[in-house]
Amino acid sequence: MALPDYIEDLEKWQSEFSHSYPVTVRFSETDAFGHLNNTVSFVYFEQGRINFFKDIGFGEEWFAKGGEGIPVTADLHCDYKRQVFFDENLEVHVKVAGIGNSSIDLHYLITNEAGKVCMTGRGRMVQVSRTSGKPLSWSKAALEKLEASQAIAG
């Protein structure tokens, strides 16, 4: 399998994920050929990303009323490795690959029940101010949460 440029060593890269979330392919997510529609991977990435943020403690700040910062997707990319079909049980893995001043690079891995790689992905999220819409630097507490999630995986 050809590796995308954000993965140097597949086994090492896979071993660095410590957060994963189950998803089952719904019939409505398949196309006329019976396999997962190519747009749905981004929905799965979103599900994993939101669960990840909640797990590391960002839920209260980002998903509650009154918080100053909100996450915005700056870019998102998916590499399709294996076809996926209706009713398959998948695991969506998410990890922090890099931390910027107000942004984070996230990597995604979707595997099937046999542990085979179905999709990989990467994307950048930027924290922006609800009021100004401009990038908002991470607080010390947020940086600690992000760094702790990397330490768990590393």
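Our subject is the structure listed above.
Described in the following lines is the structure provided in the data block. Computed from a predicted structure; not experimentally measured. (Residues numbered from 1 in each chain as written. Predicted model: local features only at pLDDT ≥ 70, side-chain atom pairs only at ≥ 80, totals over all residues. Heavy atoms only, no water.)

1. Here we look at the pattern of salt bridges
For the record, the criterion: We count a salt bridge whenever a side-chain nitrogen from Lys or Arg sits within 4 Å of a carboxyl oxygen from Asp or Glu. Strands are runs of DSSP state E lasting at least 2 residues, helices are runs of H or I lasting at least 4, and numbering of each runs from the N terminus.
Enumeration over the complete set of coordinates arrives at five salt bridges. Glu16 serves as the salt-bridge partner of Lys12, at 2.6 Å between the closest nitrogen and oxygen. For Lys95, the salt bridge goes to Glu16, with nearest N and O atoms at 2.7 Å. You can see Lys95 sitting in strand S3 (residues 89-99) and its partner Glu16 sitting in the loop between helix H1 (10-15) and strand S1 (19-24), a full 79 residues away along the chain.

2. Notes on the sheet that holds S1
Spelled out, the test is: Pairing between strands is defined by DSSP: at least two bridges between the two strands are required. Note on geometry: axes are lines fitted to C-alpha atoms, helical ones only across the stretch in contact, with angles between N-to-C directions running from 0 to 180 degrees. Contacts: residue pairs with any heavy atoms within 4.5 Å of one another.
Read from one edge to the other, the open sheet built from five strands follows the order S1-S3-S4-S5-S2, with strand pairing classed as antiparallel. At either margin of the open sheet sits one strand with a lone partner, and together these are S1 and strand S2 (69-80). Averaged over all pairs of adjacent strands, the angle between their axes in this sheet comes to 25 degrees, without regard to strand direction. Sheet topology note: the S2/strand S5 (residues 117-129) ladder contains 11 bridges and is antiparallel. By the bridge assignment for S5, Pro71 is matched with Gln127. Along the sheet, helix H2 (residues 40-55) contacts S1, S2, S3, strand S4 (103-112) and S5; its crossing angle with S2, the most-contacted strand, is approximately 135 degrees.

3. Re the side chain of Lys95
This is how the line gets drawn: In this scheme, a residue with accessible area under 20% of its type's maximum is buried, one over 50% is exposed, and one in between is partly exposed, where area comes from a 1.4 Å probe on protein chains only. Whenever two N or O atoms come within 3.5 Å, that pair is a polar contact, provided that in protein one can donate a hydrogen and the other can accept it, and provided that, for residues adjacent in sequence, both atoms are side-chain atoms.
Accessibility expressed as a relative area gives 6% for Lys95, which makes it buried. Of the polar contacts made by the side chain of Lys95, one reaches the side chain of Glu16; its length is 2.7 Å. Leaving out residues up to four positions away in the same chain, Lys95 has contacts with Trp13, Glu16, Phe17, Asp105, Leu106 and His107.

4. Notes on the nonpolar core
Put simply, the rule reads: Residue types Ala, Val, Leu, Ile, Met, Phe, Trp, Tyr and Cys, when buried and joined through side-chain atoms within 4.5 Å, form a set referred to as a nonpolar core.
With 28 residues, the main nonpolar core has Tyr44, Phe52, Phe53, Phe58, Leu90, Leu106 and Ile110 as its most contacted residues. Taken together, the elements giving at least two residues each to this core come down to S1, H2, S3, S4, S5 and helix H4 (140-153). Looking at this core, the element that brings in the most residues is H2, giving five residues. Here Phe52 is in contact with His19, Tyr21, Val94, Val96, Leu106 and Ser149, once residues within four sequence places are set aside. If you look at the next biggest cluster of nonpolar residues, it comprises seven residues, including Tyr6, Leu10, Trp13 and Leu109.

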